[in-house]
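# Analysis of the macromolecular model
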Amino acid sequence: MPQPPLRVAILECDTPVDNVKAKYGGYGNIFTALLHAGADALKYPGLSSSSGLELSAFDVVTKQEYPELDNIDAILMTGSKHNSFEDDLWILKLVEFTKSVLAQKRVRIIGVCFGHQIVGRAMGMKVGRSDKGWEISVTALDLTKKGQEIFGKTALSLPQMHRDIVYEYPEGVENLAGNEKCAVQAMYIPKRLITVQGHPEFNIEIQKEIFKVRHGLGIFDDAMYKDAMDRVDKYHDGVVVSQAFLRFLLDD
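Now for a description of the structure that goes with this document. It should be emphasised that the depicted structure is a prediction, and the values quoted were computed from it without experimental measurement.

## Re the nonpolar core
- Ranked by internal contacts, the top residues of the largest apolar core, which has 50 residues, are Leu 47, Phe 151 and Leu 246.
- The element contributing the most residues to this core is helix α8 (residues 238-250), with 8 residues.
- For Leu 47, the residues in contact, after removing those within four places along its chain, are Pro 4, Leu 6, Ala 39, Leu 42, Gly 52, Leu 53, Leu 246 and Leu 250.
- Counting 29 residues, the second-largest nonpolar core is a separate cluster that includes Tyr 66, Ile 118, Ala 122 and Met 187.

Here it is, written out as structure tokens:
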């Protein structure tokens, strides 16, 4: 079994909205907090918020910087306001890097929202706009039998912030979760990859700030904004998902 320290490179695929960035910093910091919370909850020997995790962050959008695979055990690709199906140079570079990680056997992949979609794209699946529109705020997911095993629960709730989807599960990938709005909510290959369409890293404040910005820009209309704000303070399983990420990294 892989042992701590677990070396995880967080690939920052976006910058948080201004108020979130001012308080929490970049997504590297936000995912560090998530993984630390998961480590403390997991209670695995040698792994906690103060030891056993070596986390680094890489700006893959502006600086287009990437880790050396020999120096890490896993990559974690974050969410993003950008479209995973676009052919911007930085997105194409990220897809190619993801393919290179998929092509080897040691370094593992965690993908969240945009990162989940990039994994799907790198595996040859169609990614694009959902004909069911936006899925936002805290949302219930239906877990498969394998999903219940991986997450250790019979049901799961996560914050959502997307209108793009992976259309189908790639060959060889296990379906962990879905719902009426999005069938491909979580993907899994033992010792290779785990992804979620939702945002386990979002707290209430982060969600509210994004809702306010997107409402102000006219991206979310009044009804969508009210519905999102009505559900934003519901319980969600972000730390449960963080623990699942860590168990995945520890699995031998």
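## Quick notes on a nonpolar patch on the surface
- A contiguous nonpolar surface patch, about 250 Å² in accessible area, is contributed by Val 213, Leu 217 and Ile 219.
- Within the fold, Val 213 resides in helix α6 (residues 204-216).

## With respect to the pattern of salt bridges
- One pass over the structure, following the stated rule, counts 12 salt bridges.
- Put simply, Lys 191 and Asp 251 hold a salt bridge, and the shortest N to O gap is 3.8 Å. Here Lys 191 is found in the loop between β10 (186-189) and β11 (193-196), whereas its partner Asp 251 is found in the segment after α8, with 60 residues between them in sequence.
- With a relative accessible area of 26%, Asp 251 lands in the partly exposed category.
- For Asp 230, the salt bridge is made with Lys 226, and the minimal N-O distance between the two is 2.9 Å. Remark: Lys 226 and Asp 230 occur in helix α7 (residues 222-231); sequence separation between them is 4 residues, near one turn of the helix.
- With relative accessibility at 46%, the residue Asp 230 sits in the partly exposed group.
- By relative accessible area, Lys 226 is classed as exposed at 52%.

Definitions and cut-offs
- Residues numbered from 1 in each chain as written.
- Predicted model: local features only at pLDDT ≥ 70, side-chain atom pairs only at ≥ 80, totals over all residues.
- Heavy atoms only, no water.
- Core = buried A, V, L, I, M, F, W, Y, C linked by side-chain atoms within 4.5 Å.
- Buried < 20%, exposed > 50% of the residue type's maximum accessible area, 1.4 Å probe, protein only.
- Helix = DSSP H or I, 4+ residues; strand = E, 2+ residues; numbered from the N terminus.
- Contact = heavy atoms within 4.5 Å.
- Patch = residues over 30% accessible without salt bridge, like charges linked within 9 Å, V, L, I, M, F, W, Y side chains within 5 Å.
- Areas by Shrake-Rupley, 256 points an atom, 1.4 Å probe, with all protein chains shown as cover.
- Salt bridge = Lys/Arg side-chain N within 4 Å of Asp/Glu carboxyl O.

Spatial relationships are all this shows, so hold off on functional conclusions.
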